[in-house]
Amino acid sequence: MDILGIIVIITMPYMAGYILKCVVNNKEISQIETYLTGFFFVFLLQGVVTFIQYMIRGCSFDKLCSSYNIAFIVLTAAFLACVIARLILRIVKGKGEKVYHPKFRKVEYVLIAIALVLFVGIVLRVVGLLDYLRLDMMLPTIRTTLATGTIYEYNPITSEPFTLGLIASKKIISLPIFYAYICRLFGIAEPILIYVIMTLQTLVCTVFACLIFMMPVLRSRVKSILFTVFLAVVILSGDYFSGSIGFKLLWNGYSGDAIVAGTILPYVMYIITDWYRSIRDAGEKAWSPAVINLLKLILCVGASLFITGITSGILLIMIEASLLGVASIIRYKIEEGKK
Amino acid sequence: MRALADNMYTLFQNSKMEGSYFLLFAISLVVLFSVNERKNKWLALYPVAIVVLVVANPVTVWLLSLVFPVLGNYGQLIALIPLLIYIPFAATELIVSIKNSRARVALFLILLFLISVCGNLFGLFGGDTKIEENHYNDERKQIIAYADEASRNGALILADDEILPFITNYGDNVPILYGQDIMMFNSDLGILDRYDDGIIAIHNMMWDKTENFNSITAMAYAYGCDIIIVRRFDRARIFEGCYDIDLQTENYLVYKVRELR
């Protein structure tokens, strides 16, 4: 069951991303962007389910789990429907133009092997220090939720009931509840889920987000793999003080602020800096690139809302997006002026 | 004004790219501008530079943190995003700019080594990492050793929430008034043990800085606590009750009941 759980956790973002990709019918969305958007969509979906069932309807944890189950089944069914629909379309319309992918060169294989070794190094480091990673509030919150079947009703440190309740901005953070659900569904030990699986998933998504942002500059595959290797070394070696992002990603990757800082913010940077290009090169598309970019931005804001609350995460995303937006507009005006 | 300056300096200290990575970051900028300035400046440099200068600027972060108390954390993380982008990108550009394949390999290895030693590869190069020595430091070890020794003599301990997780994680089954089950390994869900109202009241008083420490110790004594471990704070010093200070460290005060029961 553990292995099944791990497989589902790893594949769920891709399933969600694939559905989104099919809905917007945009072939330009790469595989890693599919995974990344799915990663955010899963957080958004669980947040919406929690918000409706817990915040509005006041359901218990058990009922919330039933709702998560339904959402999970719907997600899986939608994914299968998309895959089948695409297969049928491919049979009816034919395969279309074959996209040429250059063969991997020896140097690329070597670099990929180095990147994998570094990834294994990160896994070993996290697993090796598992016993020292238990001093934050996430783990007791998950355990309290699982044991009592209640949501935010007991102080996880003292077991004292929250007589006055939590404020809405705290209640809206549904990440521990979602983790508790996954632990219950698949029987995964809580420390393994948050300290190993979620941390590694966030790390991988961070690499994806940075790669997507840098792709227009890197252009070639060798450079992308080289960039990934150096990025992995920077993360692996970057925990030299407790405020560093390497520290946050290696040891708190499961937390909302690490997910926002490591994955959502670089992806928002990509959306904004790529906005103009995507509109300029759009051609005839079913969905306007502006609409798609707007939806991506809403996805990021929504995911941030449910994993970090209603204040800082969203505020910084909005500030970053608006500043980069202004910078991008100035840039393209200057470029157009030169032409 | 002085407090404001101190506040902003602290924020700057928290958000700056401390250590050798800052040097690498500065070198990365030089490399990027020298290798392919025209291509790199808009796509890679300016967007991130704007984020660093405006969003992650300590002044902005400080102003926003007046409204949103946890904002400083994000400002700090945003300031560090360039590390993830500039250093690997500059390293990549530098290697690709070299024509000789042997020189490329040599430079690749040198850069890997340089980034590793500037950081803290596998925790080999010190720093404030999650490795046990930093996380569970000598001072805390001293406190836990004291608690272990006292518990062997049958003492019951009251500890505040700051040191409590260390006692439960590293102590040798130290009997404590509450929180015995915090963050235990595996699925020990003893955190749900229902404490009585008095113990909950003690816990709340330990948090409340307006509470008189004498009333805490009076209640702790009534519950049979032999040792009280608190982080240093002013009210602890004025305490004159049935406990004496038995151990002082930089951050902790340990009180022992006058007659160990």
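Residues numbered from 1 in each chain as written. Chains lettered and ligands numbered in written order. Predicted model: local features only at pLDDT ≥ 70, side-chain atom pairs only at ≥ 80, totals over all residues.

**Thoughts on the overall build of chain B**
Then, number 1: Along chain B, the regular secondary structure elements total 11 helices and four strands.
Then, number 2: Taken over 261 residues, chain B has a buried fraction of 36%. (Helix = DSSP H or I, 4+ residues; strand = E, 2+ residues; numbered from the N terminus. Buried ≥ 20, exposed ≤ 12 C-beta atoms within 10 Å, placed from the backbone.)

**Thoughts on the overall build of chain A**
Then, number 1: Looking only at helices and strands, chain A features 13 helices and zero strands.
Then, number 2: Per-residue burial for chain A yields a buried fraction of 46% across its 339 residues.
Then, number 3: Within chain A, counting contacts between residues at least 6 apart in sequence, those at least 24 apart form 72% of the total. (Contact = placed C-beta atoms within 7 Å.)

**Examining the sheet that holds strand β1 (residues 157-159) of chain B**
Picture the strands of a sheet paired through backbone hydrogen bonds; they go either parallel or antiparallel.
Residues and elements named next belong to chain B.
Then, number 1: With mixed pairing, the four strands of this open sheet are ordered in space as β1-β2-β4-β3. Only two strands of the sheet have a single neighbouring strand rather than two, namely β1 and β3 (243-248). Sheet twist, expressed as the mean angle between neighbouring strand axes with direction ignored, is 25 degrees.
Then, number 2: By the bridge criterion, five bridges tie β3 to strand β4 (residues 252-257) in an arrangement that is antiparallel. Across the sheet, residue isoleucine 245 finds its bridge partner in β4, namely tyrosine 255.
Then, number 3: Together, β1, β2 (227-231), β3 and β4 form the strand contacts of helix α7 (residues 138-152), whose direction differs from that of β2 by roughly 165 degrees. (Pairing = 2+ DSSP bridges. Axes fitted to C-alpha atoms, helices over the stretch in contact; angles between N-to-C directions.)

**A short note on the packing of helix α8 (residues 190-218) of chain A against helix α9 (residues 221-237) of chain A**
Residue and element names in this part refer to chain A.
Then, number 1: In the contact formed by α8 and α9, the axes pass within 10 Å of each other and the chain directions differ by 140 degrees. Here α8 lies oblique to α9, going by the angle between them. For the pair α8 and α9, the crossing hand works out as right-handed. Each of Leu203, Val207, Cys210, Leu211, Met214 and Leu218 in α8 lies in contact with α9, whose residues at this interface are Lys223, Ser224, Phe227, Thr228, Leu231 and Ile235.
Then, number 2: Looking at the contact of α8 with α9 residue by residue, the classes come out as nine nonpolar, two polar and one charged. (Parallel < 35°, antiparallel > 145°, perpendicular 65-115°, else oblique. Left-handed = near helix turned anticlockwise from the far one by under 90°. Nonpolar A, V, L, I, M, F, W, Y, C, P; charged D, E, K, R; others polar.)

**Section: the environment of Leu247(B)**
Then, number 1: Take Leu247(B): it is sitting in strand β3.
Then, number 2: Between the alpha carbons of Leu247(B) and Gln142(B) there is a distance of 9.7 Å; along the sequence they are 105 residues apart.

**Things to note about helix α2 (residues 31-56) of chain A**
All names here are of chain A.
Then, number 1: The end-to-end C-alpha distance of α2, which contains 26 residues, comes to 36 Å, matching closely the 38 Å that a straight helix rising 1.5 Å per residue would cover.
Then, number 2: Maximal helix bending in α2 amounts to about 25 degrees, located at threonine 50.
Then, number 3: Across the 26 residues of α2, 19 count as buried, placing the element largely inside the fold.
Then, number 4: Immediately downstream of α2, the backbone of glycine 58 shows phi near 65 degrees, a positive value. (Expected span 1.5 Å × (residues − 1). Bend = angle between axes of the 7 residues up to and from the residue.)

**Considerations on the packing of helix α1 (residues 2-24) of chain A against helix α3 (residues 61-93) of chain A**
All names here are of chain A.
Then, number 1: Close contact between α1 and α3 brings their axes to 9 Å; oriented N to C, the two are set at 50 degrees. Taken together, the axes of α1 and α3 are oblique relative to one another. Relative to α3, α1 is oriented so that their crossing is left-handed. Contacts between α1 and α3 involve Met15, Ala16, Tyr18, Ile19 and Cys22 from the former and Leu75, Thr76, Ala78, Phe79, Cys82 and Arg86 from the latter.
Then, number 2: When the residues that make up the contact of α1 with α3 are grouped by side-chain class, the tally is nine nonpolar, one polar and one charged.

**A closer look at the pairing of β4(B)**
Then, number 1: Relative to β4(B), β2(B) is paired through five bridges, and the arrangement is antiparallel. By the bridge assignment for β4(B), Arg231(B) is matched with Tyr252(B).

**Here we look at the confidence of the model for chain B**
All names here are of chain B.
Then, number 1: Model confidence for chain B is summarised by a mean pLDDT of 73, while 61% of its residues fall at 70 or above.
Then, number 2: Note on residues 181-194: pLDDT under 50 across the span, and 32 contacts to partners over four residues away in sequence or across chains.
Then, number 3: Of the two predicted TM-score estimates for the complex, the pTM is 0.78 and the ipTM is 0.86. (pLDDT = per-residue confidence, 0-100.)

**Re the nonpolar core**
Then, number 1: Phe40(A), Phe230(A) and Ile264(A) are the most contacted members of the largest nonpolar core, which totals 117 residues.
Then, number 2: By residue number, the principal contributor to this core is α8(A), which donates 19 residues.
Then, number 3: Other than its neighbours up to four places away in sequence, Phe230(A) contacts Ile87(B), Pro88(B), Ala91(B), Thr92(B) and Ile115(B).
Then, number 4: Counting 33 residues, the second largest nonpolar core, distinct from the first, contains Ile176(B), Ile199(B), Ile229(B) and Tyr252(B). (Core = buried A, V, L, I, M, F, W, Y, C linked by C-beta atoms within 7 Å.)

**Overview of α8(A)**
Given 3.6 residues per turn, any residue in an α-helix points the same way as the ones three and four places further on.
Residue and element names in this part refer to chain A.
Then, number 1: Taking 1.5 Å of rise per residue, 29 residues should cover 42 Å, and α8 covers 39 Å from first to last C-alpha, within 8% of that figure.
Then, number 2: Along α8, the largest kink reaches about 35 degrees and is centred on isoleucine 212; proline proline 216 follows within four residues of it.
Then, number 3: Of all 29 residues in α8, 25 are buried; the element is thus mostly enclosed.
Then, number 4: Where α8 ends, the next residue or the one after it, arginine 219, has phi of about 65 degrees, a positive value.

**Here we look at the environment of Ile259(A)**
Residues and elements named next belong to chain A.
Then, number 1: Within the fold, isoleucine 259 resides in helix α11 (residues 256-280).
Then, number 2: Residue classification places isoleucine 259 among the buried positions, given that 29 C-beta atoms sit within 10 Å.
Then, number 3: Through-space distance from the C-alpha of isoleucine 259 to that of glycine 313 is 10.0 Å; in sequence the pair is 54 residues apart.
Then, number 4: Excluding its chain neighbours within four sequence positions, the residues that come into contact with isoleucine 259 are Thr202, Ile264 and Ile307.

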